[in-house]
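# Observations on chain architecture
Listed here are the chains, written in short residue letters.
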Amino acid sequence: MDEVIQVTQWLSSITPRKKAKLFFFTTHADAPSPMVGSNDVDTHEETQLPLATTVALHNFKNIDEFLKKKVNTFSCYNVIENEITKTDYEYLRFYSACKYLDVVPPFLDLEKISAIQNKFEMTDEERDYRLLLDSADLVLEKVCDSLKPAGVSQMWTALRKDRNQIRGVKTIDIIGFFVDTNPTGIKECLFFFIVRFLQKADKINRVNTNRLERLIAQCDESSSCEEGKTIDFIIDSLRFYPTELYPFGFCLIMCVIEGRDGAMQEIEKTMEISRHLGMITHTEKNPTKETIELVKKELMKPKYQFYSSFTCWFMSHGDSHSMVLADGETIEREWFLTSFPDISTFHLKPKVFFMVSCRGANKFSLKGDEFEGQSATCDYYDIGSALIRNRMLDITDSVRDISYVQPMMDTLVAYSTILDHLSDRANTHGSIYVDRACVLMSENISRGRSLTEVLEHLSQDLHEILQETMDEDRIVYKQACHYDSFFRKTLKLPYTRHPKEDVHSAPQ
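All values reported here derive from a predicted model rather than from experimental measurement.

## What about the pattern of salt bridges?
- The final tally for this structure, using the stated rule, is 22 salt bridges.
- Taking the shortest distance from any N to any O, the salt bridge between Glu 65 and Lys 68 comes out at 3.8 Å. With Glu 65 and Lys 68 both in helix α4 (residues 61–76), this residue pair falls three residues apart, about one helical turn.
- Judged by relative accessible area, which is 40%, Glu 65 ranks as partly exposed.
- With relative accessibility at 26%, the residue Lys 68 sits in the partly exposed group.
- The salt bridge involving Asp 162 is made with Arg 211; its shortest N-O contact spans 2.5 Å. You can see Asp 162 sitting in the loop between α9 (149–161) and α10 (163–166) and its partner Arg 211 sitting in helix α13 (residues 210–217), a full 49 residues away along the chain.
- Residue Arg 211 is classed as buried on the basis of its relative accessible area of 7%.

## Describing the nonpolar core
- Core analysis: the largest hydrophobic core is formed by 99 residues, its most contacted members being Trp 10, Phe 191, Phe 336 and Phe 340.
- Looking at which element gives the most residues to this core, the answer is helix α12 (residues 186–200), with ten residues.
- Residues lining this core come from more than one domain, with at least three contributed by each of domain 1 (1–29 + 43–239) and domain 2 (249–365 + 406–486).
- Non-local contacts of Phe 336, meaning those with residues more than four positions away in its chain, are made with Met 254, Ile 292, Cys 312, Phe 314, Met 323, Ile 331, Phe 353 and Met 355.
- Ranked by size, the runner-up nonpolar core spans 39 residues in total, among them Val 356, Leu 412, Ala 437 and Ile 445.

## Some thoughts on the side chain of Ser 316
- Inspection of the secondary structure assignment puts Ser 316 in the loop between β3 (310–315) and β4 (322–324).
- Taking the relative accessible area as the measure of exposure, Ser 316 reaches 3% and is therefore buried.
- What Ser 316 contacts, discounting residues up to four positions off in sequence, is Val 256, Arg 260, Met 323, Val 324, Val 356, Ser 357 and Cys 358.

Criteria and cut-off values
- Residues numbered from 1 in each chain as written.
- Predicted model: local features only at pLDDT ≥ 70, side-chain atom pairs only at ≥ 80, totals over all residues.
- Heavy atoms only, no water.
- Salt bridge = Lys/Arg side-chain N within 4 Å of Asp/Glu carboxyl O.
- Helix = DSSP H or I, 4+ residues; strand = E, 2+ residues; numbered from the N terminus.
- Buried < 20%, exposed > 50% of the residue type's maximum accessible area, 1.4 Å probe, protein only.
- Core = buried A, V, L, I, M, F, W, Y, C linked by side-chain atoms within 4.5 Å.
- Domains from an automatic or database assignment.
- Contact = heavy atoms within 4.5 Å.

And the structure:
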């Protein structure tokens, strides 16, 4: 069959709503840069004009033309070995969006997709189309689905009233002030236009969504929300880090085994919980400085930009400022923690570090006969109002900026103990902190809990456990854990528990 006819038939089979979403996912706002074939030319015409004209004319002609152009580009594209191009990235995004919306063109060359994935050095589990979807766009899609046409119209009216925001933007004038969003697909087009407009204007990104939240807050709840939804519910959904679908993120497990009883148990537990959370995992046993540098270099590869989050477990001996590696060398804990968050592939994404090592030799000792012989260290251990606002500073948009971000932002560091204190292990089961952390995370999957809620519960749970030194003094003491957070949103645990057989550790 002639390719033009095939493309026409394919487009005619897609509903207007899905066309709007396919266009939105395909014109992803945070495409990796710089890349071969990319440039600094403003893509305003490509990403906003088709949406504006569709809303103004109630006609999907321009979006259809855009999708046809994409299909034709991919059809003629020759996959170049070694170097990754902008078209490679766009091809994967287009395919994943089609797969997600169940509108994959029957004529799409899947062998080209496989060849592109080879260039990205993707493992078998990384070839899951869900990895290629941008989780932030999926959250915005859900926000759109929660709003009625009237709600999006009210957002548009609120945006149009902000003259400083829209001055000189031609596509704003194309749409006009009053919009009929009732025809199928027009609500989606207008909402996605608002989102892409704010992103291009550097007013929102995957972390900073305050400007969008303020537009939604101005909607009338009775007429703007779909059944069962509220304004608060919709705004709250934007206050979590976007980690929709599988995988939840990438998990790096680094564990020094030499001289650490129960270290293999620590690895098994952290691997199991990362799999249940839906993470793709990689394990490094007995890491050295060279290992760490190689891992950092690996994480700079383009494929890691598809991940929604990064988690690292580092388990070793240590003191107040450093950690002991497998070869006896030490590294400064601060150096380790500041070098990983600066990796560009995880920019604006949550990064969590579990630092499991002693930070000194002090112990919170317990005195008294009632504590003798009581310890969990031995082998039996098992697994605002308007009035207030009016009195506050008026912080205008002119003094706000989301373009420049401190490297440590969006990072959380969880320590197994407090400064200058021990972090103990059970004789055969390894770190008690690791054990309790894995148990509590496993128990709270599907419960809507955030990571920080689990860490607060972990702090309470761990501090109840009596531990005992293994020297002749047999001192009974307690361990206290804590975390430092630079998070700007809440990181929720997944709503789905992933079985072991779904995910396998990445080849070493």
